[in-house]
Amino acid sequence: MKQEIIEFDLAGLTLQEPMALITNWMMAAFCLYAYLKLRHATRVDSIWWKRFFFFFTISAFFGGTGHLFFKYYDIPGKFPNWITAIVCGYCAGKAMLYNLKESKWQNFLTAFLPLKGIVLLVLALVYQKFIFIAVDAILTYIIYCGILGYQLAKRGEKVFNYMLYGVLICLPSVFIFLLKLSPHRWLNKDDLSHLLMLGCLIYFFIGAYKREYLKS
């Protein structure tokens, strides 16, 4: 059943979806914290994770405003979130690919990473559909953080299990989004997905931080 969109008035403005604003900004706040903790990173993969958290801060911030001001800016108001979300995926993929040494799949995965992002972003902007951004995130996090994380952990670098755990935490959000599972108007499919993504981000940060500073 389609959930009623929450609207409220503030300072003469008709605003929407306060929970989406809160959950997006929870992610933004955590990603800003993660970025600051990694700001002195020197490893190449850690630098890519630092960039990931930087762009995710921006993406989640505009994700919240895109929901809040939807009545005024409609779908184009979500474009800053969509564009930076693609950049986030690219950064995460680059971070994981740096550790993939001497693999027959390395050349393909390196070329596929930006190609899929560009194609899906263009489709999203042309058709004004978030589904293309979601597909990019699903492909990026499952292939580059989940599968590659599992393969790297099997080689003895256990810290990459954190990337895999992050993906597993976030995975139910795919079904929540596609099946439009909204248990309550104050906790709809977007809010649930954001909370699961926050859990994913926490594990990504733990893995990146341990990789950089604990050398584990």
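Reading the values: the criteria
- Residues numbered from 1 in each chain as written.
- Predicted model: local features only at pLDDT ≥ 70, side-chain atom pairs only at ≥ 80, totals over all residues.
- Heavy atoms only, no water.
- Buried < 20%, exposed > 50% of the residue type's maximum accessible area, 1.4 Å probe, protein only.
- Helix = DSSP H or I, 4+ residues; strand = E, 2+ residues; numbered from the N terminus.
- Contact = heavy atoms within 4.5 Å.
- pLDDT = per-residue confidence, 0-100.
- Core = buried A, V, L, I, M, F, W, Y, C linked by side-chain atoms within 4.5 Å.
- Phe/Tyr/Trp six-rings, centres within 6.5 Å; stacked < 30°, edge-to-face > 60°.
- Lys NZ or Arg CZ within 6 Å of the ring centre and 35° of its normal.
- Axes fitted to C-alpha atoms, helices over the stretch in contact; angles between N-to-C directions.
- Parallel < 35°, antiparallel > 145°, perpendicular 65-115°, else oblique.
- Left-handed = near helix turned anticlockwise from the far one by under 90°.
- Pairing = 2+ DSSP bridges.

Turning to helix 7 (residues 161-170), its buried residues number three or more, namely Asn161, Met163, Leu164, Gly166, Val167 and Cys170. For helix 7, the elements touching its buried residues are helix 2 (44-68), helix 4 (79-97), helix 6 (131-154), helix 8 (172-178) and helix 9 (189-214).

Of the residues in the protein, 96% reach a pLDDT of 70 or more, and the chain-wide mean stands at 91. When the elements of the protein are averaged for pLDDT, strand 1 (residues 7-10) gives the smallest value, 77, and helix 4 the largest, 97.

The next point concerns the nonpolar core. By size, the foremost hydrophobic cluster in this structure holds 39 residues, and its most contacted members are Trp49, Phe52, Phe53, Phe56, Tyr141, Leu201 and Phe204. Secondary-structure elements contributing two or more residues to this core are helix 1 (18-37), helix 2, helix 4, helix 5 (106-127), helix 6, helix 7 and helix 9. Beyond its immediate stretch of four places on either side in the chain, Leu201 contacts Met27, Phe30, Cys31, Phe52, Phe53 and Phe56. Listed in part, the 7 residues of the second largest apolar core include Ile75, Phe79, Trp82 and Ile86.

Let us look at unusual backbone geometry. The phi torsion at Glu17 lies on the positive side, around 50°, for a residue other than glycine. Relative to the helices and strands, Glu17 is located in the loop between strand 2 (13-16) and helix 1. According to the relative accessible area criterion, Glu17 is buried, its value standing at 14%. Despite not being glycine, Asp74 shows a phi value in the positive range, around 55°. For Asp74, the location among the structural elements is in the loop between helix 3 (70-73) and helix 4.

With respect to the helices and strands, the residue Cys91 is situated in helix 4. With a relative accessible area of 2%, Cys91 lands in the buried category. Between the C-alpha atom of Cys91 and that of Phe56, which follows or precedes it by 35 residues, the distance is 10.0 Å. With residues near it in sequence (within four places) discarded, Cys91 still touches Trp48, Arg51, Phe52 and Phe55.

Turning our attention to the packing of aromatic side chains. Enumeration according to the criterion identifies 28 aromatic pairs in this entry. Both rings, one in Tyr35 and one in Phe54, keep their centres 5.4 Å apart while their planes meet at 50°; by these two values the pair is tilted. Of this pair, Tyr35 sits in helix 1 while Phe54 is found in helix 2, placing the two residues 19 residues apart along the sequence. Residue classification places Tyr35 among the partly exposed residues on the basis of a relative accessible area of 25%. For Phe54, a relative accessible area of 36% puts it in the partly exposed group. A cation over an aromatic ring shows up here: Arg51 above the ring of Trp48, its NZ or CZ 4.5 Å from the ring centre.

What follows concerns the packing of helix 5 against helix 6. Running from N to C, helix 5 and helix 6 cross one another at 160°; their axes reach a closest spacing of 8 Å. Between helix 5 and helix 6, the interaxial angle falls into the category roughly antiparallel. Relative to helix 6, helix 5 is oriented so that their crossing is left-handed. Note on element contacts: helix 6 touches helix 5 through Phe132, Ile133, Val135, Asp136, Leu139, Thr140, Ile143, Tyr144 and Leu148, opposite Leu109, Phe112, Leu113, Lys116, Gly117, Leu120, Leu121, Leu123, Ala124 and Tyr127.

The subject of this paragraph is the pairing of strand 1. Here 4 bridges tie strand 1 to strand 2, and the two strands are oriented antiparallel to one another. Directly across from Glu7, in strand 2, lies its bridge partner Gln16. The hairpin turn running from strand 1 into strand 2, its antiparallel successor, is 2 residues long, and Ala11 in that turn takes a positive phi close to 55°.

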